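One letter stands for each residue in the lines below.
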Number of protein chains: 2
Amino acid sequence: MTLSSDVAAEQASFIDGVAGSLNGFLSEQRDVMATVSPDVAPLIGSISTLVTGGKRLRALMCYWGWRGAGGLAGDPDIVTAGCALELFQAAALIHDDIIDRSDTRRGGPSVHKRFSQLHEANGWALDSEHFGDAAAILTGDLCLSFSEESFTEIGPRARSGSAARRIFNVMRAEVMAGQYLDILEEVAGPVRDRAASVDRARSIIRYKSAKYSTEHPLALGGALAGAPAELIAGYSSFSLPLGEAFQMRDDVLGVFGDPATTGKPAGDDLREGKRTVLVGFALNLASEADAAYLDRVLGDPDLAEEDVARIRRLMVECGALDATESLIEQLSKDAFEALERLPLDEVPLLALGQLAEAAVSRAA
Amino acid sequence: MTLSSDVAAEQASFIDGVAGSLNGFLSEQRDVMATVSPDVAPLIGSISTLVTGGKRLRALMCYWGWRGAGGLAGDPDIVTAGCALELFQAAALIHDDIIDRSDTRRGGPSVHKRFSQLHEANGWALDSEHFGDAAAILTGDLCLSFSEESFTEIGPRARSGSAARRIFNVMRAEVMAGQYLDILEEVAGPVRDRAASVDRARSIIRYKSAKYSTEHPLALGGALAGAPAELIAGYSSFSLPLGEAFQMRDDVLGVFGDPATTGKPAGDDLREGKRTVLVGFALNLASEADAAYLDRVLGDPDLAEEDVARIRRLMVECGALDATESLIEQLSKDAFEALERLPLDEVPLLALGQLAEAAVSRAA
């Protein structure tokens with residue numbers, strides 16, 4: 001076997017373990033819910049559907065952080081940690097889609113949309129949209145509780161006061177703070193200093209995405225395996241720029257990506273009013289007239305296809321897309337250089353390199 | 001000192017401990033948030049405001065469950081458990097108020113309303129109402145995480161696999177399921193069997209309220225003190241009927257209560273379309289014309305004051321209010337009889353009796 005096939009085999013076995021653990025966990029929860037009422041089955045059903053897909057980026061970062069710190073392949077604790085991270089991500093997505101008014105997720109209806117469709121299909125009374133949002137708020141809360149329940153099942157390695165528990169707590173608090181900064185920038189951005197918009201956007205992606213998607217999961221895996229503080233710090237010097245590049249790639253795809261590949265309508269980030277690094281560059285590099293136009297139409301839920309096309313052109317012509325791509329490249333370079341400096345065995349080293357490559361150069 | 005002043009002194013000391021512990025916990029979290037950005041301060045601020053008030057019913061049930069099972073007064077673990085329950089309740093209220101579109105909470109603005117007022121006061125862009133809801137979803141998520149973080153700080157008594165941890169997990173899952181049944185009944189009730197509406201309403205209050213507000217907190221306190229299974233079962237025979245009576249008292253106050261005392265506009269439960277036991281009795285005891293009228297106007301957010309008055313009259317005249325009061329009386333009687341059978345020392349016995357009395361005969 002080549003080194004690369006070793007990585008692939010080990011990774012596939014871990015992913016299978018996480019999928020199996022998620023199934024087992026949710027099946028137990030389905031039994032608990034069934035004792036309450038058959039009516040509550042759609043809550044677990046929505047969570048099940050959501051955790052079936054996805055790139056499992058966070059679980060994988062956690063796994064290789066564990067392996068890099070000497071944790072053994074096949075240890076049930078790291079599978080449980082992966083399961084907890086996937087449940088946390090599902091909870092975040094459910095609430096995120098309400099906040100962003102996104103009706104689609106991975107090519108299918110988002111959870112709040114599913115519930116409003118259930119309402120309509122049954123001819124129930126009152127407002128189907130409000131019912132959908134309310135049911136999805138509760139489903140997200142349930143999933144957030146499940147994530148923690150699953151994390152606690154790790155046992156002694158995640159006990160009160162442990163390094164792993166501290167990382168799990170900070171991860172949750174920081175991502176919620178980062179999401180708040182994100183929605184705050186949508187509404188407060190237009191009246192704040194335009195020159196600082198790229199800095200604000202970078203701070204937002206650091207908290208809502210980079211720390212949450214790559215830095216904390218990698219550190220969590222390391223901490224569960226008992227990694228020393230220097231290794232955890234080394235992990236951060238790799239995972240933080242990687243996570244920023246990952247989110248900026250996502251933001252570029254949100255405007256320039258192919259809906260058939262991303263599973264989300266093109267331009268939805270603009271309709272939601274997301275003030276990304278890409279938008280920040282455009283506001284500063286475009287002509288005053290174009291910047292004022294952008295400021296005015298961002299967040300218009302009815303933004304037409306031709307406006308989306310105009311914004312795309314404007315972002316290319318003023319150099320905002322290039323500036324963003326350069327920054328992604330620089331951050332990726334920083335990340336890969338930091339990775340080379342990490343004292344890792346060749347299998348986790350190759351695996352993290354592949355994950356990083358996929359994260360920053362993906363098309364979906 | 002009389003027995004009653006012993007109870008009052010011990011209870012006051014516990015409540016002080018919980019308030020101090022909440023302050024300390026939230027002050028640490030405020031420091032974590034400050035490292036992210038000064039902009040996120042309102043999230044912690046909203047949670048602080050919310051946990052300052054309230055009846056502390058759940059924390060007190062937990063405390064006396066602990067003391068009844070031989071736990072020592074002044075033990076920091078039971079204070080931490082009380083703190084975790086209060087944070088959970090705050091999280092539930094924040095999301096509940098979005099779901100129920102309630103703009104007031106304890107006489108002040110609810111959290112989503114606070115954030116939409118912040119939006120308006122600052123002249124920010126886009127939709128203030130959507131911003132308020134989105135910010136409150138995130139604040140509730142943060143508070144839910146805090147609740148669990150606090151619960152885990154209990155340490156060994158709440159470790160993975162412990163009886164206390166199992167109760168905490170089931171409590172969270174059941175209350176979310178119960179809240180879903182509640183919003184489902186609002187929309188599906190009108191097309192479901194009217195004759196079963198009281199049964200459905202009783203099942204809803206069992207899960208969304210009775211188990212959560214009284215049964216699980218009491219059992220949790222007992223479990224933390226190492227109570228045997230028979231005592232936990234005995235606790236339930238007291239706390240479950242008590243919790244049902246407590247919620248039915250709340251439902252009666254929601255229609256017949258004095259807004260100056262309850263802190264909520266009269267008739268809001270009707271505008272939200274809550275299908276309570278009281279409503280269930282009315283649908284079955286009123287004339288067909290009155291029942292059809294009630295079915296039609298329930299959930300109308302613009303329900304006029306004269307409609308609320310007409311519904312009140314109708315509920316009195318058809319006997320629905322009497323039927324509800326009788327049921328509250330019966331359940332209270334069951335609860336007090338079960339309490340008398342519990343093998344408790346006189347201090348916890350008196351304290352639980354007083355708590356129960358306050359829960360079912362209150363005016364707010």
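Throughout this description, residue numbers start from 1 for each chain and increase along the sequence as written. By the order in which they are written, chains take letters starting at A while ligands take numbers starting at 1. Two thresholds apply to this predicted model, a pLDDT of at least 70 for residue-level local features and 80 or more for giving and counting side-chain atom pairs, whereas whole-chain, interface and lining totals are computed over all residues. Side-chain metrics rest on all non-hydrogen atoms present in the structure, leaving aside hydrogens and water.

> Which parts of the structure should I look at to understand the overall build of chain A?
Only runs of H or I of at least four residues qualify as helices and only runs of E of at least two qualify as strands under DSSP, and these elements are numbered from the N terminus. Within chain A, the secondary structure is distributed over 16 helices and 2 strands. Here the globule rule reads 2.2 Å times residues to the power 0.38, and the radius of gyration is calculated from C-alpha atoms. For chain A, the C-alpha radius of gyration of 21 Å lies close to 21 Å, the compact-globule estimate for 364 residues. Across its three principal axes, chain A shows a C-alpha extent of roughly 60 × 60 × 40 Å. Between two residues, a contact is recorded if the distance between any of their heavy atoms is within 4.5 Å. In chain A, 76% of the contacts between residues at least 6 apart in sequence involve partners at least 24 apart. Only the protein chains shown count as cover for residues, and all accessible areas are computed by the Shrake-Rupley method using a 1.4 Å probe. Counting every atom, chain A has about 13,200 Å² of accessible surface; 52% of that belongs to carbon and sulfur. Counted as positive: Lys and Arg. Counted as negative: Asp and Glu, with His and the chain ends omitted from the count. For this purpose, a charge sits on NZ of Lys, CZ of Arg, CG of Asp or CD of Glu. Positive and negative charge centroids in chain A, built from 34 and 54 side chains respectively, lie 2 Å apart.

> Can you walk me through the packing of helix 1 (residues 3–36) of chain A against helix 4 (residues 76–99) of chain A in this structure?
Describing two packed helices takes the angle between their axes plus the distance from one axis to the other. Residue and element names in this part refer to chain A. With axes taken as lines fitted to C-alpha atoms, and helix axes fitted only over the stretch in contact, angles between N-to-C directions fall between 0 and 180 degrees. Contact geometry for helix 1 and helix 4: axes closest at 9 Å, N-to-C directions at 65°. As the angle between them shows, helix 1 and helix 4 are arranged roughly perpendicular. Pair helix 1 / helix 4 crosses with right-handed handedness. On helix 4, the residues that touch Phe14, Gly17, Val18, Ser21, Leu22, Phe25 and Leu26 of helix 1 are Ile78, Val79, Gly82, Cys83, Glu86 and Leu87. Side-chain classes are defined by residue name, with Ala, Val, Leu, Ile, Met, Phe, Trp, Tyr, Cys and Pro counting as nonpolar, Asp, Glu, Lys and Arg as charged, and the others, Gly among them, as polar. Residue composition of the contact of helix 1 with helix 4, by class: 9 nonpolar, 3 polar and 1 charged. Our angle categories are set so that under 35 degrees counts as roughly parallel, over 145 as roughly antiparallel, 65 to 115 as roughly perpendicular, and the remainder as oblique. Each helix crossing is assigned a hand: it is left-handed if the near helix lies turned anticlockwise from the far helix by less than a right angle, otherwise right-handed if that turn is clockwise.

> Whenever I open this one, the nonpolar core confuses me. Can you help?
Nonpolar side chains tend to gather and get buried jointly when the protein is soluble and globular. Of all hydrophobic cores here, the largest spans 252 residues; its most connected members are Phe238 of chain A together with Phe238 of chain B. Excluding anything up to four places from it in sequence, phenylalanine 238 of chain B contacts Met61, Leu218, Ala335, Ala338, Leu339, Leu342, Leu352 and Ala356 of chain B. What we call a nonpolar core is a set of buried Ala, Val, Leu, Ile, Met, Phe, Trp, Tyr and Cys residues that are connected through their side-chain atoms within 4.5 Å. Burial status follows relative accessibility: with a 1.4 Å probe on protein chains alone, a residue under 20% of its type maximum counts as buried, one over 50% as exposed, and anything between as partly exposed.

> I would appreciate a short explanation of the relation of the copies chain B and chain A in the present structure.
Each copy is superposed on the other by least squares, with the fit set by C-alpha atoms of residues at a pLDDT of at least 70 in both. Turning chain B through 180° and shifting it by 0.0 Å along the axis lays it on chain A, with an RMSD of 0.0 Å. Put plainly, the chains are arranged around a two-fold axis. Here 100% of the interface residues in chain B have copies in chain A that are interface residues too; the copies meet face to matching face.

> Honestly, the interface of chain B and chain A in this entry has me stumped. Any pointers?
The accessible area lost on association of the parts is a frequent measure of interface size. Each partner contributes to the interface: chain B provides 57 residues, whereas chain A provides 57 residues. Computed with a 1.4 Å rolling probe, the buried area is the accessible surface lost when two parts are put together, summed over both parts. Counting the surface lost from both chain B and chain A, the interface buries some 5,200 Å², and carbon and sulfur atoms represent 70% of this. The largest contributions to the chain B side of the interface with chain A come from Leu138, Tyr180 and Val187 of chain B, which together make up 13% of the buried area. Note on definitions: salt bridges are taken to be side-chain nitrogens of Lys or Arg within 4 Å of carboxyl oxygens of Asp or Glu. Summed over the shared surface of chain B and chain A, the result is 6 salt bridges. Of the charged contacts, one joins aspartate 39 of chain B and arginine 192 of chain A as a salt bridge, the two residues approaching to 2.8 Å between their closest N and O atoms. For this analysis, a polar contact is any N or O atom pair within 3.5 Å, provided that within protein one partner can donate a hydrogen and the other can accept it, and provided that sequence-adjacent residues contribute only side-chain to side-chain pairs. The interface formed by chain B and chain A contains 17 residue pairs in polar contact (both at pLDDT 80 or more).

> What exactly am I supposed to notice about helix 5 (residues 111–122) of chain B here?
Along an α-helix, a turn takes 3.6 residues, which lines up residues three or four apart on a common side. Given a helix with a known number of residues, its expected span is that number minus one, times 1.5 Å. For helix 5 of chain B, which comprises 12 residues, the first-to-last C-alpha distance of 17 Å matches the rise-based estimate of 16 Å (1.5 Å per residue) to within 8%. For helix 5 of chain B, every residue scored as buried is listed here: Val111, His112, Phe115, Ser116 and His119 of chain B. Viewed end-on, helix 5 of chain B has its buried residues packed into an arc of 140°, placing them on one side of the element. Exposed side of helix 5 of chain B, more than 90 degrees from the buried face: Glu120 and Ala121 of chain B are the residues found there. Residues of helix 5 of chain B that are buried sit in contact with helix 7 (163–188) of chain A together with helix 2 (41–52), helix 4 (76–99), strand 2 (108–109) and helix 6 (128–152) of chain B. Looking one or two places after helix 5 of chain B, you find glycine 123 of chain B, whose phi comes out positive at around 60°. Read the arc as the range of directions from the helix axis to the C-beta atoms.

> Looking at this structure, I do not really get the pattern of salt bridges. What am I missing?
A side chain of one charge can pair with a side chain of the opposite charge if their charged atoms are brought near each other. A complete count under the given rule lists 52 salt bridges over all chains for this structure. With its nearest N and O atoms 3.0 Å apart, the salt bridge here joins arginine 165 of chain B to glutamate 148 of chain A. Of this pair, arginine 165 of chain B sits in helix 7 (residues 163–188) while glutamate 148 of chain A is found in helix 6 (residues 128–152), placing the two residues in two different chains. Taken as a pair, arginine 165 of chain B and glutamate 148 of chain A share a single burial class, namely buried. For glutamate 244 of chain A, the salt bridge identified is with arginine 202 of chain A, shortest N-O distance 3.1 Å. A residue pair is termed long-range when its members are at least 10 positions apart, and glutamate 244 of chain A in helix 9 (residues 229–256) and arginine 202 of chain A in helix 8 (residues 197–224) qualify at 42 residues. With relative accessibility at 22%, the residue arginine 202 of chain A sits in the partly exposed group.

> How should the environment of arginine 159 of chain A be read in this particular structure?
All names here are of chain A. Mapped onto the fold, arginine 159 is located in the loop between helix 6 and helix 7. For the pair arginine 159 and aspartate 96, spaced 63 residues apart in sequence, the C-alpha separation works out to 29 Å. For arginine 159, the side chain forms a polar contact with the main-chain oxygen of proline 156, separated by 2.8 Å.

> Help me understand the state of the cysteines, please; the structure alone is not making it clear to me.
Residues and elements named next belong to chain A. We call a pair of cysteine sulfur atoms a disulfide when they lie within 2.5 Å. Under the defined criterion, the tally for this structure stands at 0 disulfides over all chains. This cysteine, cysteine 83, is not joined by any disulfide, and cysteine 143 carries the nearest cysteine sulfur, 9.9 Å off. Looking at cysteine 83, the relative accessible area reads 1%, which means it is buried.

> In this structure, what is going on with the packing of aromatic side chains? I would like to understand it.
Each aromatic ring pair is described using two quantities: the centre-to-centre distance and the angle formed by the ring planes. We call Phe, Tyr and Trp rings a pair once their centres come within 6.5 Å, taking the six-membered ring for Trp, and we label the pair stacked below 30 degrees between planes, edge-to-face above 60, and tilted otherwise. Enumeration over the complete set of coordinates arrives at 18 aromatic pairs over all chains. Here the aromatic rings of tyrosine 63 of chain A and tryptophan 64 of chain A are separated by 4.9 Å at their centres, their planes lie at 80°, and the arrangement is edge-to-face. Comparing tyrosine 63 of chain A with tryptophan 64 of chain A, the two get one shared label, buried. Relative to tyrosine 63 of chain B, the ring of phenylalanine 14 of chain B has its centre 4.3 Å away and its plane inclined at 25°; by these criteria the two rings are stacked. Taken together, the positions of phenylalanine 14 of chain B in helix 1 (residues 3–36) and tyrosine 63 of chain B in helix 3 (residues 57–68) put the pair 49 residues apart, joining distant regions of the chain. Look at tyrosine 63 of chain B and you get buried, because its relative accessible area is 2%. Members of the aromatic cluster, each reached through a chain of ring pairs, are Phe115, Trp124 and Phe131 of chain A together with Tyr180 of chain B.

> Help me understand unusual backbone geometry in this model?
Trans is the common state for peptide bonds, and a negative phi is the common state for residues other than glycine. With phi around 60°, leucine 126 of chain A is a residue other than glycine that occupies positive phi space. The partly exposed category is assigned to leucine 126 of chain A, whose relative accessible area is 40%. Here the phi dihedral of arginine 101 of chain B falls at roughly 50°; this positive angle occurs in a residue that is not glycine. Position of arginine 101 of chain B among the secondary structure elements: in the loop between helix 4 and strand 1 (104–105).

> Help me understand the side chain of glutamate 272 of chain A in this model?
Residues and elements named next belong to chain A. Mapping glutamate 272 onto the fold places it in helix 11 (residues 268–272). Owing to a relative accessible area of 10%, glutamate 272 belongs among the buried residues under this scheme. One polar contact links glutamate 272 to serine 102, side chain to side chain, over a distance of 3.0 Å. Not counting residues within four places of it along the chain, the set of residues in contact with glutamate 272 comprises Asp100, Ser102, Glu186, Lys264 and Gly299.

> How should I be thinking about the environment of glutamate 174 of chain B in this particular structure?
Looking at where glutamate 174 of chain B falls in the secondary structure, it is placed in helix 7. With 32 residues separating them along the chain, glutamate 174 of chain B and arginine 206 of chain B place their C-alpha atoms 9.4 Å apart. Leaving out residues up to four positions away in the same chain, glutamate 174 of chain B has contacts with Val36 of chain A together with Tyr207, Lys211 and His216 of chain B.

> Would you mind showing me how to read helix 7 of chain A here?
Between its first and last C-alpha, helix 7 of chain A extends 36 Å over 26 residues, near the 38 Å set by a 1.5 Å rise per residue. With respect to burial, helix 7 of chain A is a largely interior element, 23 of its 26 residues being buried.

> So what exactly am I meant to see when it comes to the packing of helix 1 of chain A against helix 2 (residues 41–52) of chain A here?
Residues and elements named next belong to chain A. Contact geometry for helix 1 and helix 2: axes closest at 10 Å, N-to-C directions at 175°. When the interaxial angle is binned, helix 1 and helix 2 end up roughly antiparallel. Where helix 1 abuts helix 2, its residues Leu22, Leu26, Gln29, Arg30 and Met33 lie against Ile44, Ile47, Ser48 and Val51. Here the contact of helix 1 with helix 2 is composed, by residue class, of 6 nonpolar, 2 polar and 1 charged.

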